[in-house]
Amino acid sequence: MELLLHTCCAPCLVYPLEVLLKEGFKVTGFFYNPNIHPLAEYLRRKEALAVLNSGIEFIYPEYSPQEFFRLVNLKEEAPARCSICWRERLKKTAQAAKNSGIKYFTTTLLVSPYQDQGLLRKIGEEVAREEGVEFYYADFRPGFRKAHNEAKAKGVYCQRYCGCIYSEIEREQSRKK
């Protein structure tokens, strides 16, 4: 069984990939993240996938932050912007899976204890119905800490914000408090 795995970053790839491979999936990574800003951060996260050396093939659609900014314009506050961003990334992943003849897709976002798992699942299932593919849901959160520790041990870059400029600003404001 083939599965297209939307990958937000290298550290979050570690545990979901381990689980999916054990379950018998042939996994292809899909690094579609127009939310990541600035370009230097995007490139750093993309390079981290090479450093991780996961052994799977990756698809790298063109970096297009304008797509993210158009979608969240005047909806910059969390959680509204987050659900818009997740929907866009999962939709593109589902479309790529469908166009490649891959039946299943999922996302490494499901490993993060910082993301709304219920909403991610709902969006994934809605997008799957719209695109005619299947969303594979698994709660990967139990492996989050282990995966990030493994990534750090391998010298893989571990970012401190989700990627969008708004989350970076929020992180900085929170740090100052």
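In case you missed it, the structure is sitting above this.
Parameters at a glance
Residues numbered from 1 in each chain as written. Predicted model: local features only at pLDDT ≥ 70, side-chain atom pairs only at ≥ 80, totals over all residues. Heavy atoms only, no water. Helix = DSSP H or I, 4+ residues; strand = E, 2+ residues; numbered from the N terminus. Rg over C-alpha atoms; globule rule 2.2 N^0.38 Å. Buried < 20%, exposed > 50% of the residue type's maximum accessible area, 1.4 Å probe, protein only. Contact = heavy atoms within 4.5 Å. Areas by Shrake-Rupley, 256 points an atom, 1.4 Å probe, with all protein chains shown as cover. Arc of directions from axis to C-beta. Pairing = 2+ DSSP bridges. Right-handed = clockwise from strand over helix to strand, strands pointing away. Salt bridge = Lys/Arg side-chain N within 4 Å of Asp/Glu carboxyl O. Core = buried A, V, L, I, M, F, W, Y, C linked by side-chain atoms within 4.5 Å. Axes fitted to C-alpha atoms, helices over the stretch in contact; angles between N-to-C directions.

Draft legend 1. Up close: the overall build of the protein chain. A count of helical and extended segments in the protein chain gives seven helices and five strands. Along the protein chain, helices and strands appear, N-terminal first, in the series β-α-β-α-β-α-α-β-α-β-α-α. Taking 2.2 N^0.38 as the reference for a compact globule, 177 residues should give roughly 16 Å; the C-alpha atoms of the protein chain span a radius of gyration of 15 Å, in line with that estimate. The principal-axis extents of the C-alpha atoms in the protein chain amount to approximately 45 × 40 × 30 Å. Per-residue burial over the protein chain gives 51% buried out of 177 residues. In the protein chain, once contacts between residues fewer than 6 apart in sequence are set aside, the share between residues at least 24 apart is 76%. Of the roughly 9,000 Å² that the protein chain leaves accessible, carbon and sulfur atoms contribute 50%.

Draft legend 2. Highlighting helix α3 (residues 65-72). Turning to α3, its buried residues are P65, F68 and V72. All buried residues of α3 lie within an arc of 60° about the axis, which places them on one face of the element. Positive backbone phi, at 70°, marks L74, one or two positions downstream of α3.

Draft legend 3. Quick look at the pairing of strand β1 (residues 2-6). Within β1, four of the five residues are buried, which leaves it mostly tucked inside the rest of the structure. One ladder, built from five bridges, connects β1 with strand β2 (residues 26-30); its direction is parallel. Across the sheet, E2 pairs through a bridge with K26, a residue of β2. Assessed by its sense of winding, the connection that carries the chain from β1 through helix α1 (residues 10-22) to β2 is right-handed. Examined bridge by bridge, β1 and strand β4 (residues 104-107) share four bridges and lie parallel to one another.

Draft legend 4. Looking closely at the pairing of β2. For β2, a buried count of four out of five residues is recorded, marking the element as mostly surrounded by other parts of the structure. In this view, the connection linking β2 to its parallel neighbour strand β3 (residues 57-59) by way of helix α2 (residues 39-52) has right-handed handedness.

Draft legend 5. Fine view of the pattern of salt bridges. The final tally for this structure, using the stated rule, is 13 salt bridges. Taking the shortest distance from any N to any O, the salt bridge between K22 and E18 comes out at 3.6 Å. Taken together, the residues K22 and E18, both in helix α1 and four residues apart, mark about one turn of the helix. The class for K22 is exposed, based on a relative accessible area of 68%.

Draft legend 6. Focus on the nonpolar core. In this structure, L20, F105 and F140 are the most contacted members of the largest nonpolar core, which totals 52 residues. Broken down by secondary-structure element, the contributors of at least two residues to this core are β1, α1, β2, α2, α4 (80-100), β4, α5 (117-131) and α6 (144-153). When residues of this core are assigned to their parent elements, the largest contribution, eight residues, is made by α1. Core analysis: the second largest hydrophobic core is formed by six residues, F68, V72, I84 and Y166 among them.

Draft legend 7. Highlighting the side chain of E88. With respect to the helices and strands, the residue E88 is situated in helix α4. In contact with E88, other than residues within four places in its own chain, are Y32, E67 and L71.

Draft legend 8. Seen up close, the sheet that holds β4. Ordered by their spatial adjacency, five strands build an open sheet running β3-β2-β1-β4-β5, and the pairing between neighbours is parallel. Two strands in the sheet have a free side with no partner beyond their single neighbour: β3 and β5 (134-135). The sheet contact formed by β2 and β3 spans three bridges and is parallel. By the bridge assignment for β3, T28 is matched with E57. Taken strand by strand, α4 contacts β1, β2 and β4, and its axis lies near 155° from that of β4.

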